[in-house]
Amino acid sequence: MEIGSLKGKALPPPCLLPQNTAPPLRPRINFSQLSHADHTLTRIQTSGIIACLRANTAELAMEAARAALSGGITVLEIVRSTPGVFEVLKQLVNDYPTTVLGVGTVLNIEDARKAVGAGAKFLMSPAIVKDVIDMDGFQNGEVLYIPGAMTPTEILSAHDSGAKIVKVYPVSVLGGVQYISALKKPFPHISMVASQGITIDSVGEYIANGASSVVLSDAIFDKEAMAQNNFIVIRQLAHFATLQASQVLEMLDFIFNYYFYDYFHIF
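Small disclaimer: the values here were computed from a predicted structure and weren't measured. (Residues numbered from 1 in each chain as written. Predicted model: local features only at pLDDT ≥ 70, side-chain atom pairs only at ≥ 80, totals over all residues. Heavy atoms only, no water.)

**Quick notes on the confidence of the model for the chain**
This is how it is decided: Residue-level confidence of the predictor is what pLDDT reports, using numbers from 0 through 100. Residue contacts are counted whenever heavy atoms from the two residues lie within 4.5 Å of one another.
With 83% of its residues at a pLDDT of at least 70, the chain reaches an overall mean of 87. Below pLDDT 50 for its whole length, residues 263-267 participates in 3 contacts with residues either more than four positions away or in separate chains.

**Observations concerning the packing of helix 2 (residues 58-70) against helix 3 (residues 85-95)**
Two measures define how a pair of helices packs: the angle their axes make with one another and the distance between the axes. For the record, the criterion: Only the stretch in contact is used when fitting a helix axis, every axis being a line fitted to C-alpha atoms; angles between N-to-C directions are given from 0 to 180 degrees. Where helices and strands are cited, they refer to DSSP runs of H or I of at least four residues and of E of at least two residues respectively, numbered from the N terminus. For this classification, under 35 degrees means roughly parallel, over 145 means roughly antiparallel, 65 to 115 means roughly perpendicular, and everything else is oblique. Should the near helix be turned anticlockwise from the far one by less than a right angle, the crossing is termed left-handed; should it be turned clockwise, right-handed. Polarity classes work like this: nonpolar for Ala, Val, Leu, Ile, Met, Phe, Trp, Tyr, Cys and Pro, charged for Asp, Glu, Lys and Arg, and polar for all others, with Gly in that last group.
Contact geometry of helix 2 with helix 3 gives a least axis separation of 10 Å together with a crossing angle of 30°. The angle between helix 2 and helix 3 falls in the class roughly parallel. Where helix 2 crosses over helix 3, the two elements pack in a sense that is right-handed. Contacts from A58, A61, M62, A65 and R66 of helix 2 reach helix 3 at V88, Q91, L92 and D95. Split by residue class, the contact of helix 2 with helix 3 holds 6 nonpolar, 1 polar and 2 charged.

**Details of the environment of T199**
The test is simple: Burial classification: accessible surface area is computed with a 1.4 Å probe over protein chains only, and a residue below 20% of its type maximum counts as buried, one above 50% as exposed, and the rest as partly exposed. Distance and chemistry together define a polar contact, namely a pair of N or O atoms within 3.5 Å, with one atom able to donate a hydrogen and the other to accept it when in protein, and with adjacent residues in sequence counting only for side-chain atoms on both sides.
Mapped onto the secondary structure, T199 falls in the loop between strand 8 (191-195) and helix 10 (203-208). Residue classification places T199 among the partly exposed positions, given a relative accessible area of 40%. Separated by 21 residues in sequence, T199 and I220 have C-alpha atoms that sit 8.8 Å apart. Excluding residues that lie within four positions of it along the chain, T199 makes contacts with L216 and A219. One polar contact links T199 to D201, side chain to side chain, over a distance of 2.5 Å.

**A closer look at the pattern of salt bridges**
Quick reminder of the rule: For salt bridges, the criterion is a side-chain nitrogen of Lys or Arg within 4 Å of an Asp or Glu carboxyl oxygen.
Across all of its chains, the model carries 5 salt bridges by this definition. A salt bridge links D95 to R66, with the shortest nitrogen-to-oxygen separation between them at 2.7 Å. Here the residue D95 occupies a position in helix 3, and R66 occupies one in helix 2, the gap between them amounting to 29 residues. A relative accessible area of 26% means that R66 is categorised as partly exposed. With its nearest N and O atoms 3.1 Å apart, the salt bridge here joins R80 to D111. Placement of the pair is R80 in the loop between strand 2 (75-79) and helix 3 and D111 in helix 4 (residues 109-117), with a sequence separation of 31 residues.

**Overview of the sheet that holds strand 2**
Note the cut-off: A pair of strands is treated as paired once DSSP finds two or more bridges between them.
Reading across from one edge, 5-4-3-2-1-9-8-7-6 is the order of the 9 strands in this open sheet, with parallel pairing throughout. For this open sheet the edge positions go to strand 5 (144-146) and strand 6 (148-149), each flanked by a neighbour on one side alone. Taken together, the 3 bridges between strand 8 and strand 9 (residues 213-216) define a ladder with parallel strand orientation. The partner of A194 across the bridge, within strand 9, is V214. Packed on one face of the sheet, helix 7 (residues 152-160) meets strand 6, strand 7 (165-168) and strand 8 and runs near 155° to strand 7.

**Points about the nonpolar core**
Threshold: Think of a nonpolar core as a cluster: buried Ala, Val, Leu, Ile, Met, Phe, Trp, Tyr and Cys residues, connected wherever their side-chain atoms sit within 4.5 Å.
Judged by nonpolar contacts, the single largest core of 73 residues is most densely connected at L76, L123, L216, I220 and F221. Per-element accounting of this core gives the leading share, 9 residues, to helix 12 (residues 231-266). Aside from chain neighbours lying at most four places away, what touches L123 is V103, V106, A112, A115, V116, V132, M135, V143, L144, Y145 and I146. Core analysis: the second largest hydrophobic core is formed by 15 residues, I44, V75, V100 and V193 among them.

**Thoughts on unusual backbone geometry**
Following Y169, the chain continues to P170 via a peptide bond in cis, the omega torsion being -5°. Here P170 shows up in the loop between strand 7 and helix 8 (171-174). The phi torsion at T105 lies on the positive side, around 55°, for a residue other than glycine. For T105, the position within the fold is in the loop between strand 3 (100-104) and helix 4.

**Details of the pairing of strand 2**
The side chains of a regular strand alternate, residue by residue, between the two faces of the sheet. Rules: Convention used here: a crossover is right-handed provided that the path from the first strand, over the helix, to the second strand proceeds clockwise when the strands point away from the viewer.
Taking burial as the measure, the 5 residues of strand 2 include 5 buried ones, the bulk of the element. With burial as the criterion, each face of strand 2 is covered, one bearing V75, E77 and V79 and the other bearing L76 and I78. As paired strands, strand 1 (residues 49-53) and strand 2 are joined by 3 bridges and run parallel to one another. Looking at the pairing, C52 lines up with E77 of strand 2. A crossover connection joins strand 1 to the parallel strand 2 through helix 2; in handedness this β-α-β unit is right-handed. Note that strand 2 and strand 3 share 5 bridges and pair parallel. Paired with I78 across the two strands is V103, which belongs to strand 3. After leaving strand 2, the chain enters helix 3 and then returns to the sheet as strand 3, a path that is right-handed.

Written as structure tokens, this is what we have:
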């Protein structure tokens, strides 16, 4: 998909829009009236990108995180296996209080509680971890939990268990953009994060086909750049990724307003 490819072209009438792929509406929101989890969810949806950081040392994680955030990333996940992950998280929460920071690959309730205690606003898992779904912080809306799911049955089960958004993983193995598009037909009401093997140049396609957000790991935290401590490259990749997401989100907003706002107000 070429970002901005609709510019200058006549748009088809509303009746030709696919019924299950209507552009998402992102209205003005009063954040003060949202729960912490809903606030985090909205920030993830309006960002379009969750940057996923894994590093071999706490020092490398800290510097790489700072580089990505300076490049425009507003939602950052630090993988649990990163040494000193909770200390890194605490420092970043202190230094970047308005950034949405979370912990990924959370596989048990102990790590979930440590992450929340360190200031995580969201938790992410590659599967559905029942103990995390049942924890008080999730049930009372204090923290957003994003469980991983692969099949339609798992996705619906996670949603029915209370998950406000589900991570579709491993998406590139399952069919990539086409898989997300197919899932949104029976589940247009379920917010989905596409995760695994996503490149920056495919961000727009995933969002345009129904993903609320995408997880970018090596695409931002390039392995060679990480090995060479080349934080300039990481900042540049982060900037390029956020630009791709913002362009497609703006385009979808424009399409929605054209079809579903201006059209109905004319008639």
